[in-house]
Each structure stands twice: as C-alpha cells, then as structure tokens.
Amino acid sequence: MARPTPVSPSSETYQQPMRDEHWMLDDDKIEQIRSSHVSDGHVVDVKPILQITGKVLLHTMNGGSEHIDAFDDQTILSAVDGAHDAVNKICSELSSRCSGGEDAHATTMAIFNMLSSYSWGAKVVLTLAAFAVKFGEFWLISQLCTSNSLAKSMALLKRPDILENSPTLKPYFDALSKLINAMIDVTECIVELTELPSKYIPIDEPPLSTTMAHIYFATYRIIWSVVACARQITGLVGIRHEFITRTLDALDLSSLAHKFRSIHEYLQFQLRLCNEHMNEKMLMEAFEDFKRTIETPQVDNLKILQNIFGKEENLFNPDKTKVSINVLRRKHVLLLISALDISQEEIRVLEVVYKERVSSGRNYEIIWLPIVDKTAWNDGCQKISSLQSIMSWYTVSHQFSIKPAVIKYIREVWGFVKKPIAVTLNPQGKVLCPNALNMMWMWGNSAFPFSSEKEESIWQARAWTFELLVGRLEPNLSSWVSQEKVVCFYGGVKMEWIESFTTAAKGVAKALDIGLEMVYVGKQNARERAKKVTGLIIEKQLSHAWQYDNVWCFWNLLENMLNSKVHQRKTNATDGIMQEVATMLGYDDSKNEWAVFFTGSGEMVSANGEKVLSCMKSFDQWGKLSKHMGFIPALRKHLEGIMEDHHCTRLLLPGNGGRIPERVQCAECGRAMEMYFLYRCCVE
C-alpha cells in the first residue's frame with residue numbers, strides 16, 4: 001500500500017489542512033489523477049461558464065436576493081465548444097451515481113476520465129456548472145412550490161418533505177454557501193494559473209511546475225466536494241427527514257470551506273509569483289526589443305520616439321498644447337530625464353540655455369521624461385503638472401506614458417539613478433551622449449550637438465583656471481584680475497572660522513600691501529545654513545558673498561566638471577582639471593571649511609580651513625619668503641610644510657551611471673583613497 005503523502009507547499013497557512021489524513025491523497029491517487037489527464041491541445045474558454053455558474057450558485061445561496069443582469073448568457077455559452085454536452089454528461093453522472101450510494105472517489109475519478117482532454121481549469125468549471133444545474137433546479141422547486149402550480153406538482157413528485165423543516169437546515173445551507181464561495185475562489189485561481197501563456201510560464205519550469213501538484217490536488221478536492229454535495233442535495237429531495245438530519249453535518253462543510261480557503265491563499269500566492277515571473281520575462285523581452293531598435297541605424301528618430309512612448313503619441317509643446325510626436329521627426333532631440341524632485345534651479349539654468357539656442361543657430365528640442373516611482377503615482381499627477389507649468393520645452397502628455405522597458409533601459413544603460421540626465425539623439429535617432437547636461441551647464445550651446453566627441457574636444461582645448469569655474473558667476477572678477485589683485489574664494493558654514501579666517505587674511509594682505517578680494521561661496525547641500533551665514537557675512541561686512549542661485553551654480557558646475565571627467569574615464573592622478581575639482585569637492589564633502597587663492601596670472605593654491613587659517617595666523621614664519629617669492633608661491637610652500645597627524649578626506653561622487661574613477665587621490669596626502677558605498681538623504 002502506498003504511503004500517504006501530503007501535497008504540502010511552503011505556506012504554513014496551506015500546510016495545516018493537509019495534516020488531516022482524510023484530506024490527504026496518497027501517491028497512488030495523485031498519480032491516478034495526473035495520468036487521467038490526456039490533453040489533445042483543444043482549448044476551451046471556460047470563463048463565461050464560470051461567470052454564469054457563479055451567478056447561479058451565489059443567487060441561490062443568497063435566497064434569490066442577488067440581482068442577475070438580463071443579458072444573453074446563451075449567446076456567450078454558444079461560443080464555448082462542447083460545453084453544454086460536457087455539463088449534461090456530468091449532470092447525468094452525478095444523478096446516477098449519487099442516488100446509488102457509490103463511493104465518492106469512484107464518482108470523482110469517473111468525472112476525471114470523462115473530462116480527460118479538458119484543461120485542469122475546465123475540469124473544475126464544468127463540474128461546478130453541472131452542480132449549479134442540479135442545485136439551481138432544487139432551489140427553484142423549493143422556492144416556487146407555494147406560488148406556482150407546476151413547481152408544486154414537481155415538488156410532490158420529488159417528495160421534498162424536508163422543506164417543511166427548512167429552519168432546521170439553515171446551519172447546513174449557511175455552511176454550504178461558504179463552501180461554494182471558497183470553491184469558486186479556488187477555481188478562479190486554477191483557471192488563471194492554467195491559462196498563463198506557456199511562452200513566458202512553461203508548465204515544466206518553476207514557478208508553475210512547483211504549483212502543478214497543488215493544482216491536481218485542488219482540482220480533485222473540488223470535484224470530490226461537488227460529488228459529496230450533490231449526493232446530499234439528492235438526499236434532501238428524495239429521502240426521509242430522519243435520515244437526512246442524521247447524515248448531514250454543517251460542521252463537515254465548514255471544515256471543507258476552511259481547507260479550501262487555505263488552498264486559495266496558497267494558489268493566490270503562487271499566482272502572484274507566476275505573474276511576477278511572467279512580467280519580468282515580458283519586460284526583458286520588451287527591453288531587448290527596445291535595445292535592438294535604438295542600436296540599429298534608423299532613417300529618422302521617429303521610430304525611437306514611438307518606442308519610448310508606446311501608444312501615447314502626443315506631447316505637450318512649449319505652449320502646453322497637445323501635438324503629435326511627429327513634430328520632432330528628424331530633429332536633434334534631448335531627452336531630459338529626471339525624477340519629480342528636479343529643482344527649480346536646474347530648470348532655470350537649462351531654460352536659459354534652451355532659449356538661447358535660436359539666437360546661437362542651434363536647432364534642437366528638449367522633451368522632459370519624468371521617471372515616477374510606482375509608490376508615488378497618487379501624488380505624481382499634481383507634481384508633474386506643477387513642473388510642466390514652469391518648463392518651456394516639450395513634456396509628456398500623460399505621466400505614465402513612458403514604457404516600463406524604456407525606463408529599465410534608461411536606468412541600466414543610460415545610468416539614470418536620481419540626478420537629472422539629458423540623452424542626446426541626433427535626427428536619425430542615434431545616441432550621441434548618454435548625459436549632455438554636464439556640457440550644457442558648463443558651456444551652453446557652444447557644446448552643440450552635445451556629443452561625447454564634442455565634450456572631449458572642448459576639454460582638450462581648455463586649460464584649467466579658476467576663471468573657468470567662476471568667470472560667469474562673479475561679475476567683478478575681470479576687474480579684480482586686471483588690477484592684479486589676489487582673489488580668495490572660500491566656503492563652509494562655521495561662523496567662528498569664517499570670522500577668524502577673513503580677519504587673518506586681511507591682516508596678511510595689509511602686511512604685504514597687496515590687493516585682496518574675498519568671496520564666500522557657501523556649501524553644497526546646505527541651502528538654509530548657507531543663506532543664514534551669507535546674511536551674517538554681509539551684515540558684518542566680512543567679505544563679498546554670493547546669493548544662493550550663484551552658490552548653487554558654483555557647486556553644480558564643480559560636480560558637472562567632475563561628472564564630465566569621470567565620463568571620459570579620467571582620474572585625478574592623471575588629469576589636472578579633475579584633480580583640482582576633486583580637491584574642492586573633497587574639502588566640502590569632508591565637512592571642512594576651505595579656501596582657494598588665485599591671481600590672473602594663473603597661480604593658485606587651495607587648502608582646508610584648518611591649515612589655511614593656521615598659515616594666516618603664522619604669517620611671521622613665511623612673510624619674508626612671500627616678499628621674495630610672491631604671496632601664492634610662499635603660501636603653497638608653507639602649506640606643504642605643515643604635517644598633520646591625522647586627516648579624513650571624503651569625496652562623494654554622484655551615483656548616476658555607475659561610472660566611477662578607478663583611482664582617486666587624496667587632496668591632502670596624495671595617496672589612493674579607499675572606496676565605500678554611501679547612501680545619503682540630505683533634507684534641511
């Protein structure tokens with residue numbers, strides 16, 4: 001004799017009912033059930049049958065209070081090939097076998113063999129439909145026998161004397177109602193699971209392959225329960241009350257309902273797994289299709305743009321009027337990709353460049369593609385509308401029109417994480433640069449067509465000077481340089497250090513009789529603190545101080561310079577510009593104050609706040625040298641002689657693109673820095 005084997009999944013909620021030995025199936029029965037299925041490839045759409053079956057059963061269980069819409073169910077069923085014949089055969093099988101007291105398993109297997117060529121979902125749906133016919137007939141006679149002469153005659157022929165004791169049977173019918181609901185729920189899951197497209201969810205591969213044994217079990221138990229219930233309904237109609245009340249037990253039906261609810265929970269869980277697996281495969285298929293399209297030479301950019309937006313082929317133009325995507329055909333297009341936290345400063349700077357494109361003879365357009373996290377969909381619509389209102393370029397007409405496969409490509413290939421990027425497409429749809437924002441913010445329209453080759457050629461033609469960074473931000477710079485003044489830019493938010501440093505630096509300049517101009521440039525990611533410090537500096541007349549727009553632009557330019565160099569696979573060990581940029585960002589990221597001194601002749605020196613303040617205070621040690629060598633060379637020599645017992649320098653690189661330099665040198669000691677991963681949320 002075969003060993004009883006529970007068909008137990010991993011879900012604890014499903015394992016519990018399997019422990020009942022009367023509920024479990026041994027190996028022989030499982031094999032008997034599985035081998036009874038001989039598919040001929042014929043597919044039957046059983047959903048219309050399940051829909052009508054559910055209506056009949058729920059209507060009867062609710063005492064006829066449920067409203068059934070008056071539509072042509074017959075028309076729907078007529079399209080289901082062979083459904084009527086199968087249902088009628090099952091009805092006959094239930095009538096003949098249930099009235100004769102045959103073993104429930106034998107009747108169940110007879111139905112399995114009758115439906116051998118049908119899918120597992122069709123087996124349970126057709127069996128439930130046959131039960132609905134028998135139970136619906138019983139209900140109609142019992143309900144209409146007091147008002148309809150034909151129903152009364154039928155009732156007399158069937159001897160439904162049990163109806164006289166209907167209050168006694170109320171617990172039974174309540175329990176039967178719960179069981180029917182549970183069986184319908186499980187049936188819906190079985191149908192969904194067995195109708196999953198085999199292209200994405202093969203039956204012989206996980207997760208569906210690991211679910212099939214439970215589908216066999218659930219199918220058997222539903223048909224077995226229908227047989228048991230049909231036998232009881234037959235007894236209600238034709239057997240004496242004394243026998244019925246002795247053999248019917250509402251507790252048995254309640255127990256069955258509980259077990260089916262557990263099966264339903266498990267199959268729902270497996271269905272979610274299968275759908276997730278299918279969606280991942282479909283997403284990857286669409287991703288590969290888009291990848292092939294965008295990497296294949298095109299006649300124009302229209303096919304690429306249509307692939308990005310899918311069925312949604314309308315955009316809002318700069319005037320906020322809906323237009324066809326065709327208006328961008330064969331144009332240079334920049335895809336501005338961002339989350340919903342793109343700042344107004346970023347939009348304003350880009351707007352200046354965009355509006356100047358016509359006067360500079362650059363013919364290109366920008367489309368904003370918002371990448372919205374699913375968890376933020378509820379708030380996304382209002383936020384997108386708000387941002388669209390301040391953008392002067394093309395925007396999407398629907399916030400979720402970008403295809404999921406495209407979003408995957410944007411993240412994985414173009415490297416979008418959180419910070420905005422601008423992908424350049426030429427008129428043929430070829431990607432010229434995965435992020436042109438660095439160029440646009442540094443060089444504006446002179447970097448058109450914003451290709452990686454153009455970016456590299458501009459850098460090759462540019463030598464590093466501090467004027468490259470601040471020339472557009474400080475209106476007095478050219479005047480100070482022409483007067484041969486030393487210019488100091490400094491940053492940080494510690495007011496005590498700022499007061500000490502500005503006082504000491506002015507004292508040194510006075511002692512050397514040199515012109516000195518000092519400008520406070522704030523701190524990155526510290527808007528409110530920097531604004532407060534700026535107000536105090538101006539109030540105390542310690543130095544010049546930029547307003548926040550210029551502060552933001554300064555740090556943004558530094559970061560874009562670094563991004564641009566990283567994109568070109570440069571390191572600060574071999575690239576002078578990157579070394580200076582990384583040094584300044586390193587000072588700020590290390591939460592240090594800092595200062596840079598430079599002159600129009602190109603001389604420059606920088607240091608962290610502690611070292612440069614120490615130098616200013618110990619001017620008597622290098623004052624004579626400065627008169628001989630000059631201020632900046634002497635300051636550099638003295639700084640090099642200051643040895644620190646300990647320093648901790650950090651450089652935070654933006655996460656976009658996954659591009660990180662192979663080697664970064666410490667701004668303090670020149671050694672290679674260790675790499676760590678940092679997740680930061682800076683909210684003031």
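Rules of the game
Residues numbered from 1 in each chain as written. Predicted model: local features only at pLDDT ≥ 70, side-chain atom pairs only at ≥ 80, totals over all residues. Heavy atoms only, no water. Helix = DSSP H or I, 4+ residues; strand = E, 2+ residues; numbered from the N terminus. Buried < 20%, exposed > 50% of the residue type's maximum accessible area, 1.4 Å probe, protein only. Contact = heavy atoms within 4.5 Å. Areas by Shrake-Rupley, 256 points an atom, 1.4 Å probe, with all protein chains shown as cover. Expected span 1.5 Å × (residues − 1). Pairing = 2+ DSSP bridges. Axes fitted to C-alpha atoms, helices over the stretch in contact; angles between N-to-C directions. Left-handed = near helix turned anticlockwise from the far one by under 90°. Nonpolar A, V, L, I, M, F, W, Y, C, P; charged D, E, K, R; others polar. Parallel < 35°, antiparallel > 145°, perpendicular 65-115°, else oblique. Core = buried A, V, L, I, M, F, W, Y, C linked by side-chain atoms within 4.5 Å. Phe/Tyr/Trp six-rings, centres within 6.5 Å; stacked < 30°, edge-to-face > 60°. Lys NZ or Arg CZ within 6 Å of the ring centre and 35° of its normal. Salt bridge = Lys/Arg side-chain N within 4 Å of Asp/Glu carboxyl O.

**Things to note about the overall build of the protein chain**
And step 1. Helix and strand counts for the protein chain stand at 27 helices and 14 strands.
And step 2. The buried share of the protein chain, reckoned over its 684 residues, is 51%.
And step 3. Within the protein chain, contacts between residues at least 6 apart in sequence are counted, and of these 73% link residues at least 24 apart.
And step 4. Within the structure as shown, the protein chain displays about 33700 Å² of accessible surface, and the carbon and sulfur contribution to it stands at 50%.

**Brief notes about helix α21 (residues 495-512)**
And step 1. Taking 1.5 Å of rise per residue, the 18 residues of α21 would be expected to cover 26 Å, and the 26 Å separating its terminal C-alpha atoms lies within 8% of that figure.
And step 2. Those residues of α21 that sit buried are Met495, Trp497, Ile498, Phe501, Thr502, Ala504, Ala505, Val508, Ala509 and Leu512.
And step 3. Immediately beyond the C-terminal end of α21, within one or two residues, lies Asp513, with a positive phi of roughly 55 degrees.

**A word on the sheet that holds strand β12 (residues 544-545)**
And step 1. Ordered by their spatial adjacency, five strands build an open sheet running β12-β11-β10-β13-β14, and the pairing between neighbours is mixed. The open sheet is flanked by β12 and β14 (604-608), the only strands paired with a single partner.
And step 2. Strand direction decides the pairing type here: strand β11 (residues 516-520) and β12, joined by two bridges, are parallel. Its bridge partner lying in β12, Val519 is registered against His544.
And step 3. Set on the sheet, α21 makes contact with β10 (486-491), β11 and β13 (594-598); between it and β11 the angle comes to about 165 degrees.

**Some details on the packing of α21 against helix α22 (residues 527-540)**
And step 1. Where α21 contacts α22, the two axes come as close as 11 Å, and the packing angle between them is 35 degrees. With respect to the hand of their crossing, α21 and α22 are arranged in right-handed fashion. Along its contact with α21, which presents Met495, Ile498 and Glu499, the element α22 presents Val533, Leu536, Ile537 and Lys540.
And step 2. Partitioning the contact of α21 with α22 into residue classes produces five nonpolar, no polar and two charged.

**A closer look at the packing of helix α2 (residues 27-35) against helix α6 (residues 104-114)**
And step 1. Following both chains from N to C, one finds α2 and α6 inclined at 25 degrees, their axes separated by 9 Å at the closest point. Here α2 is positioned roughly parallel relative to α6, judged by the angle of their axes. The element α2 and its partner α6 pack so that their crossing is right-handed. Note on element contacts: α6 touches α2 through His105, Met109 and Phe112, opposite Lys29, Gln32 and Ile33.
And step 2. For the contact of α2 with α6, the residue count by class is three nonpolar, two polar and one charged.

**Observations regarding the nonpolar core**
And step 1. Leu126, Phe131, Leu176, Leu179, Ile190 and Leu267 are the most contacted members of the largest nonpolar core, which totals 73 residues.
And step 2. Secondary structure elements with two or more residues in this core: α2, α3 (47-61), α5 (83-99), α6, α7 (120-144), α9 (170-194), α10 (212-238) and α12 (250-295).
And step 3. Not counting the four nearest positions on each side in its chain, Leu176 is found in contact with Met61, Phe135, Cys229, Ile233 and Leu253.
And step 4. Leu336, Ile366, Trp546 and Phe598 belong to the second largest nonpolar core, which has 63 residues in total.

**Quick look at the packing of aromatic side chains**
And step 1. Counted by the stated rule, this structure contains 28 aromatic pairs.
And step 2. Ring plane angle 55 degrees and centroid distance 5.6 Å describe the contact between Phe489 and Trp546, whose orientation is recorded as tilted. With Phe489 in strand β10 and Trp546 in the loop between β12 and α23 (548-567), this pair connects stretches of sequence that are 57 residues apart. When sorted by exposure, Phe489 lands in the same class as Trp546, which is buried.
And step 3. Their ring planes at 75 degrees and their centres at 5.4 Å tell us that Phe597 and Phe631 sit as a pair that is edge-to-face. Taken as a pair, Phe597 in strand β13 and Phe631 in helix α27 (residues 631-641) lie far apart in primary sequence, 34 residues in all. Each member of the pair, Phe597 as well as Phe631, is classed as buried.
And step 4. Connected via pairs of aromatic rings, a cluster forms that spans Tyr490, Trp497, Phe501, Tyr520, Phe597, Phe619, Trp622 and Phe631.
And step 5. The ring centre of Trp120 lies 5.1 Å from the NZ or CZ of Lys123, which sits over that ring.
And step 6. The ring of Trp224 has Arg221 lying over it, and the distance from NZ or CZ to the ring centre is 4.9 Å.

**A few points about the pattern of salt bridges**
And step 1. Evaluated as defined, the whole model comprises 17 salt bridges.
And step 2. Between Arg329 and Asp300 there is a salt bridge whose closest N-O contact spans 2.7 Å. Here Asp300 lies in the loop between α12 and α13 (302-309) and Arg329 lies in the loop between β4 (322-324) and β5 (332-338), a separation of 29 residues in the sequence.
And step 3. For Arg329, a relative accessible area of 43% corresponds to the partly exposed category.

**A word on the side chain of His105**
And step 1. Along the polypeptide, His105 turns up in helix α6.
And step 2. If sequence neighbours within four positions are ignored, His105 has contacts with Lys29, Gln32, Tyr220 and Trp224.

**A closer look at unusual backbone geometry**
And step 1. The step from Pro206 to Pro207 runs through a cis peptide bond, and the omega angle for that step is 5 degrees.
And step 2. Locating Pro207 in the fold gives a position in the loop between α9 and α10.
And step 3. In this model, Phe448 is joined to Pro449 through a cis peptide bond whose omega is 15 degrees.
And step 4. Tracing the backbone shows Pro449 in the loop between α17 (437-443) and α18 (452-461).

**Describing the sheet that holds strand β7 (residues 394-396)**
And step 1. Taking strand neighbours across the sheet as the criterion, the seven strands line up as β4-β3-β7-β6-β5-β8-β9 in an open arrangement whose pairing is mixed. Both outer strands of the open sheet, β4 and β9 (431-433), are each paired with one neighbouring strand and no more. Across the sheet, the axes of successive neighbouring strands diverge by a mean angle of 35 degrees, strand direction being ignored.
And step 2. Across seven bridges, the pairing between β5 and strand β6 (residues 364-370) is parallel. Of the residues in β6, the one forming a bridge with Leu336 is Trp368.

**With respect to the environment of Glu453**
And step 1. If you trace the backbone, Glu453 turns up in helix α18.
And step 2. On the basis of relative accessibility, which here comes to 58%, the residue Glu453 falls in the exposed class.
And step 3. In this structure the C-alpha to C-alpha distance between Glu453 and Leu432, which are 21 residues apart in sequence, comes to 8.4 Å.

**Some thoughts on the pairing of β6**
And step 1. The buried count for β6 comes to seven of seven residues, which makes it a mostly enclosed element.
And step 2. Where burial is concerned, the two faces of β6 agree: the one with Tyr364, Ile366, Trp368 and Pro370 and the one with Glu365, Ile367 and Leu369 are both buried.
And step 3. Sheet analysis places β6 next to β7, joined by two bridges and oriented parallel. Across the sheet, Ile367 pairs through a bridge with Tyr394, a residue of β7.

**What about the environment of Gln547?**
And step 1. Note on placement: Gln547 falls in the loop between β12 and α23.
And step 2. Spatially, the C-alpha atoms of Gln547 and Gly535 are 9.3 Å apart, while their sequence positions differ by twelve residues.
And step 3. Sequence-distant contacts of Gln547, that is, excluding residues within four places in its chain, are made with Thr534 and Ile538.

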